[in-house]
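Chains, contacts and geometry: an overview
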Amino acid sequence: MTVSDDPRGTAALLVDSRGRYLLHLRDANKRICDPGTWSIPGGDREGAESSREAVERELLEETGLMVPLAEFTVVDSVGPDGVKGRIRVYLGTWDGDADSLPCPEGIMFRHFDSGTIPYLTMCPWTNEVIDLHRTRASAPVPVPVPVQARPGGRARLNVVGVHLYLEQDDKVLLGLRHPDSAFAASTHHFLAGHCEQESAVACLVREAQEEAGLLIDPTDVELAHVVHMVDEPGAQPRVGFVFRARRWTGTPRVREPDRCVSWDWWPADALPDRIVPYTRAAIDGIRAGRLYTEMGW
């Protein structure tokens, strides 16, 4: 399946260990889909995003959560102008306090058990998704995930990314991201990805093969640098692990043209002007023999 085949709409059905569903009360007086109803977090894909990328971004923006998600179903929907569309729904688990979640859109988040659902004013397609989930009786084992913290010292989820540092003849491998990329468009960056349900090294090996056709043995990988960053004070914190591969098999080639348009080797002392700031900081740190950098705090 290509990105163009993906439904534009995405959504995340989150269930807690008690079998309750996390629902979002939508604004009642706006020109939006299903105003004034209880629904689930989600939104449309942007640019060349895949459905998974979109639902992870929307969930993070709307709730502050990053939760392991599995594809669940695709449902039909109707927009505010009667335009029909489709929504790919993902399934995950979350055992936190709904009142602790930020709510930048809509009115509130609440957990409801299946017995309460029939008494709510429900978004039709959300009701369909919950009915399907109840029929399948497939609530996964809960994976505790920290909630988005409010000021006051509570734990806050950090996004974990992995990055590949390859050196060849004193040059560093960088990819030029697609002009329509949701992150760092037309900018150079490491080969990188976000950890899914896997270790950081396993993620690195997978991303190297998927993005550039490189085969890396996990035993040939070593930690080269760590960047702990926020875009601005109070923003979602991120931890970037930069791993060096001592050996690899293959020549870098573009395998995901919707994300990266070229792979090139750049002299470490003459990096391109348009480069992700923390990528430059990590390369500088590695060359200086430092293991750790903080940015934006």
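To be clear, the structure that these remarks concern was listed above.
Residues numbered from 1 in each chain as written. Predicted model: local features only at pLDDT ≥ 70, side-chain atom pairs only at ≥ 80, totals over all residues. Heavy atoms only, no water.

A separate point is unusual backbone geometry. Not every positive phi belongs to a glycine, and Asp169 is a case in point at roughly 55 degrees. Topologically, Asp169 is positioned in the loop between β9 (167–168) and β10 (171–177). Take Asp169: its relative accessible area is 69%, and that puts it in the exposed class. Positive phi values are uncommon outside glycine, yet Asp170 reaches one of about 65 degrees. As for its placement among the helices and strands, Asp170 is situated in the loop between β9 and β10. (Helix = DSSP H or I, 4+ residues; strand = E, 2+ residues; numbered from the N terminus. Buried < 20%, exposed > 50% of the residue type's maximum accessible area, 1.4 Å probe, protein only.)

The next thing to look at is the state of the cysteines. Linking two cysteines covalently through their sulfur atoms gives a disulfide. In this structure the tally under the stated criterion is zero disulfides. With no disulfide of its own, Cys103 lies closest to Cys123 among cysteine sulfurs, the gap being 16 Å. In this model Cys260 remains outside any disulfide bridge; the closest cysteine sulfur is found in Cys203, 16 Å from its own. (Disulfide = S-S within 2.5 Å.)

The next point concerns the sheet that holds strand β12 (residues 191–194). Strands sit in the order β12-β8-β14-β13-β16 across an open sheet of five strands; the sheet is mixed. Of all strands in the sheet, those with a lone pairing partner are β12 and β16 (292–295), marking the two edges. In this sheet, neighbouring strand axes are inclined to one another by 20 degrees on average, regardless of whether the strands run parallel or antiparallel. Looking at chain direction, strand β8 (residues 159–165) and strand β14 (residues 238–245) are connected through seven bridges and run parallel. (Pairing = 2+ DSSP bridges. Axes fitted to C-alpha atoms, helices over the stretch in contact; angles between N-to-C directions.)

Any functional reading would require information that these geometric values do not contain.
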